[in-house]
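Take a look at the letters that make up each chain.
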Amino acid sequence: MDFVLSEEHQMIRKAAKDFAEQELLPGVIDRDEHQYFPEELIRKMADLGFMGMMVRTEYGGAGLDTLSYVLAMEEISKIDASAAVCMSVNNSLVCWGIQEYGTEEQKQRYLTPLAKGECLGAFLLSEPEAGSDATAQHTTAQDCGDHYLLNGVKNWITNAGIAKVFLVMAQTHPERGSHGINAFIVESDWPGVKLGAKENKMGIRGSDTRSVTFQDVKVPKQNRIGEDGFGFKFAMKTLEGGRIGIAAQALGIAAGAYERALRYATERKAFGVPIAQHQAIQFKLADMATRIEAARMLVWKAAWEKDQNRPFGLYSSMAKLYASEVAMWVTIEAVQIHGGYGYVKEYHVERMMRDAKITQIYEGTSEIQRLVISRHILQQHG
Ligand code: CAA
């Protein structure tokens, strides 16, 4: 077992760190305050190859492995979790889904521009009444011969306002339950696609989240992904990989807050000495560092399993569950270490605390991860 990163992995990590510190950091408080989506910075991330990291080079991607992706995700998330979720959805839900299950024509037409960052993607599974219970899809895709007619509402959609390519899950054969669901590639400017207002969120406020309504949207049959009825399995397989990305995002939020708390603790004096010399703070720092390292090992393990082409659903759920809980706990402790300064925006950690919360909710709540993990465990047990 070798935990030492290769030179290439170290270079990717450094490139992401440099970009995050030089480009994302300067405006991050302002973007959070005004809910501003940084289109020009996302374009720069694309130029560095961060929007199609695991896409093969023949389709315009960087052709890297999942470990490279989580290393970059951690560094971007340390500074700006909003830019990170945009990157994560594009990479591990949209690009990966099309690369893995799309036709050659779908890859040429959609994957290549997505991987090059010429456009962005969004993943439309959640609905007002289908969040955790993702099989309960009310959006319908009526089979009309050479096309489908799409009707319904999706919500909590990351990248909705700026994405060109939507991956949409919809029910075609209600009598077949999850086996009646299909996945489609829909272009966001097709007639009948309507965007809701930007959600006014607690955290990741620099990302664009909206509902999307479909009213008699005509989707050509060649835009269906996989066989008729493959949509739910497609969504679940894609989310398995997506959860590694969100685990890396949570890890980055935790590590970013910890680094700020550590620096503050060595600079801020109370009772005549830097507060890092007080055992109450030392114990907090020790617990934060330990939990972050444990989360990092789980994230790397999940990435490694995926890169070995081994089943990785158990590890992606474990990584997401644990890293998101670490992110929440560490960011609260980071605010506490900062005292009153932690409660104001200039010190960043209050934003990180708000950003951390979503990692316990999206791409499956902590409760859903526990459900997935326990099913794996019981299945293995026989
Ligand atoms: N891989 C392949 N197939 C899978 C699968 C997987 N990982 N998980 C389930 N399936 C299959 C099952 O085998 C089953 O098929 P059969 O009928 O042939 O046996 C079928 O799908 C139905 O599965 P279940 O019976 O397990 O369904 P369930 O309703 O009991 O549970 C669930 C499914 C795990 C709870 C699922 O609904 C789930 O993951 N919910 C959470 C949804 C989620 O993560 N949403 C995130 C939205 S996207 C997002 O947040 C992106 C963003 O913007 C940031």
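As a reminder, the structure under discussion sits directly above these lines.
Just so we're clear, the structure is a prediction, and the values are computed from it rather than from any experiment.

A. Local environment of the pairing of strand β4 (residues 165–171). Most of β4 sits inside the fold, with seven of its seven residues counted as buried. Burial of β4 is two-sided: the residues Val165, Leu167, Met169 and Gln171 facing one way and the residues Phe166, Val168 and Ala170 facing the other way are all buried. Pairing of strand β1 (residues 121–124) with β4, which is carried by four bridges, proceeds in the parallel orientation. Bridging across to β4, Phe123 finds its partner in Leu167.

B. Spatial organisation of the site of the ligand. As a structural note, the neighbourhood of the ligand is formed by 25 residues, with Ser132, Thr158, His179, Glu240 and Arg375 the closest of them. With respect to the ligand, the side chain of Thr158 contributes an N or O atom lying 2.7 Å from an oxygen atom. Arg375 is positioned such that a nitrogen or oxygen atom in its side chain is 2.6 Å from an oxygen atom of the ligand. Within the complex, the protein chains bury 73% of what would otherwise be the 1100 Å² of accessible surface of the ligand. For the shell around the ligand, the secondary-structure elements that each account for two or more residues are α5 (81–101), β3 (147–158), α7 (231–267) and α11 (366–381). Looking at the shell around the ligand, the element that brings in the most residues is α7, giving seven residues. Partitioning the shell around the ligand into residue classes produces eleven nonpolar, eight polar and six charged.

C. Region of interest: the pattern of salt bridges. According to the stated counting rule, one finds 25 salt bridges in the structure shown. For Arg310, the salt bridge identified is with Glu305, shortest N-O distance 2.8 Å. In this structure, the salt-bridge partner of Glu350 is Lys345, at a minimum N-O distance of 3.9 Å. For Lys345, a relative accessible area of 33% translates into the label partly exposed. Look at the salt bridges and you will find they share partners, linking Asp32, Lys345, Glu350 and Arg354 into a network.

D. Looking closely at the packing of helix α1 (residues 7–24) against helix α3 (residues 39–47). Look at α1 against α3: their axes get within 12 Å of each other, and the N-to-C directions meet at 160 degrees. When the interaxial angle is binned, α1 and α3 end up roughly antiparallel. Between α1 and α3 the crossing geometry is right-handed. Contacts between α1 and α3 involve Phe19, Glu23 and Leu24 from the first element and Leu41, Lys44 and Met45 from the second.

What counts as what
- Residues numbered from 1 in each chain as written.
- Predicted model: local features only at pLDDT ≥ 70, side-chain atom pairs only at ≥ 80, totals over all residues.
- Heavy atoms only, no water.
- Buried < 20%, exposed > 50% of the residue type's maximum accessible area, 1.4 Å probe, protein only.
- Helix = DSSP H or I, 4+ residues; strand = E, 2+ residues; numbered from the N terminus.
- Pairing = 2+ DSSP bridges.
- Near = heavy atom within 4 Å.
- Polar contact = N/O pair within 3.5 Å; in protein donor to acceptor, adjacent residues only side chain to side chain.
- Areas by Shrake-Rupley, 256 points an atom, 1.4 Å probe, with all protein chains shown as cover.
- Nonpolar A, V, L, I, M, F, W, Y, C, P; charged D, E, K, R; others polar.
- Salt bridge = Lys/Arg side-chain N within 4 Å of Asp/Glu carboxyl O.
- Axes fitted to C-alpha atoms, helices over the stretch in contact; angles between N-to-C directions.
- Parallel < 35°, antiparallel > 145°, perpendicular 65-115°, else oblique.
- Left-handed = near helix turned anticlockwise from the far one by under 90°.
- Contact = heavy atoms within 4.5 Å.

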